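# Report on the structure
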Amino acid sequence: TIIEAEVYYKVTAEILDDIPDTLEGMTADVDIVIDSRDNVVRVPLDAIEEMDDEKFVWVVDGMIGKEKREIKTDLVGDDWVEIASGLSDEDKIMVQ
C-alpha cells in the first residue's frame, strides 16, 4: 500500500517475548535492522558529495577554513553512512 509516498507492507510476525499491553491483531510500525556495528565513524548522508566516482566530505580546518577529504564508505542507512576510511572520530565536517 502506498500512502503519501510512503510504502507499507502487511506482514505477520511472531513476538517471542512477552510485551505488556499488546493484544492479538494490533498494528505496529517496525524497523528491520539488517546489520549494525559499534564504534564506527558515521556521517549524515547529506554531508557526502560525489564527483567523478569520488566520494568526499568537507572537513572543518581551523587554519584554512575547510578541506575537501576523499572518503570510502561502508554501510548505508536511511540517514547515516558508515565511513570505512578517510575520517576519524576527531574530525568535524560540514553538512550542506
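Whatever comes next refers back to the structure up there.
We now turn to the structure provided with this report. (Residues numbered from 1 in each chain as written. Predicted model: local features only at pLDDT ≥ 70, side-chain atom pairs only at ≥ 80, totals over all residues. Heavy atoms only, no water.)

## A word on a nonpolar patch on the surface
Let me state the cut-off plainly: Only residues whose relative accessible area exceeds 30% and that form no salt bridge are eligible for patches; like-charged ones are grouped when within 9 Å, while nonpolar side chains (Val, Leu, Ile, Met, Phe, Trp, Tyr) are grouped when within 5 Å. The accessible surface values rely on the Shrake-Rupley method and a 1.4 Å probe; as for residues, cover is taken only from the protein chains in view. Salt bridge, as used here, is a side-chain nitrogen of Lys or Arg placed within 4 Å of a carboxyl oxygen of Asp or Glu. The numbering of helices and of strands both runs from the N terminus, where a helix is a DSSP run of H or I of at least 4 residues and a strand a run of E of at least 2.
Taken together, the side chains of Val7, Tyr9 and Val11 present a nonpolar region at the surface, about 370 Å² in accessible area. Structurally, valine 7 can be placed in strand E2 (residues 6-7).

## Observations regarding the pattern of salt bridges
According to the stated counting rule, one finds 7 salt bridges in the structure shown. Between glutamate 54 and lysine 68 there is a salt bridge whose closest N-O contact spans 3.9 Å. With glutamate 54 in strand E5 (residues 54-61) and lysine 68 in strand E6 (residues 65-76), this pair connects stretches of sequence that are 14 residues apart. As a salt-bridge pair, glutamate 67 and arginine 69 come within 3.3 Å of each other at their nearest N and O atoms. Three or more residues joined by partner-sharing salt bridges are found here, namely Asp35, Arg37, Asp74 and Glu82.

## A closer look at the nonpolar core
Our working definition: Side-chain atoms within 4.5 Å link the members of a nonpolar core, which is a set of buried Ala, Val, Leu, Ile, Met, Phe, Trp, Tyr and Cys residues. Each residue is assigned to one of three classes by its accessible area relative to the maximum for its type, calculated with a 1.4 Å probe on protein chains only: buried under 20%, partly exposed between the two thresholds, exposed over 50%. Contacts: residue pairs with any heavy atoms within 4.5 Å of one another.
In this structure, Val43, Ile48, Val57, Val59, Ile71, Val81, Ile83 and Leu87 together form the largest nonpolar core, which totals 8 residues. Contributions of two or more residues to this core are made by E5 and strand E7 (80-85). Among all residues touching valine 59, those that are not within four sequence positions of it are Gly65, Lys66, Glu67, Arg69, Leu87, Asp91, Lys92 and Ile93.

## Side note on the side chain of arginine 69
Keep this limit in mind: Two N or O atoms form a polar contact when they lie within 3.5 Å of each other; inside protein one atom must be a possible hydrogen donor and the other a possible acceptor, and for residues adjacent in sequence the pair counts only when both atoms belong to side chains.
Looking at where arginine 69 falls in the secondary structure, it is placed in strand E6. A distance of 3.3 Å separates polar atoms of two side chains, one belonging to arginine 69 and the other to glutamate 67. Here aspartate 91 takes part through its side chain, which lies 3.1 Å from a polar atom of the side chain of arginine 69. With near-sequence residues (within four places) excluded, arginine 69 lies in contact with Lys55, Phe56, Val57, Val59, Gly86, Leu87 and Asp91.

## Re a negative patch on the surface
Put simply, the test is: Positive charges are assigned to Lys and Arg, negative charges to Asp and Glu, while His and the chain termini are left out of the count. Charge positions are represented by NZ for Lys, CZ for Arg, CG for Asp and CD for Glu.
A cluster of acidic residues, Asp29, Asp31, Asp46, Asp78 and Asp79, forms a negative patch at the surface. Tracing the backbone shows aspartate 46 in the loop between strand E3 (41-44) and strand E4 (49-51).

## A short note on the packing of aromatic side chains
Filter applied, for reference: Geometry of aromatic contacts follows a simple scheme: Phe, Tyr and Trp rings, the Trp one being its six-membered ring, pair when their centres are within 6.5 Å, and the pair is stacked under 30 degrees between planes, edge-to-face over 60, tilted otherwise. Note on criteria: charge over ring means Lys NZ or Arg CZ within 6 Å of the ring centre, with the direction from the centre no more than 35 degrees off the ring normal.
Across all of its chains, the model carries 1 aromatic pair by this definition. Taken together, a centroid distance of 5.9 Å and an interplanar angle of 90° make the contact between phenylalanine 56 and tryptophan 58 edge-to-face. Looking at lysine 66, its charged tip hangs above the ring of tryptophan 58, at a distance of 4.7 Å from the centre. In this structure, lysine 68 packs its charged tip against the face of phenylalanine 56, placed 4.3 Å from the ring centre.

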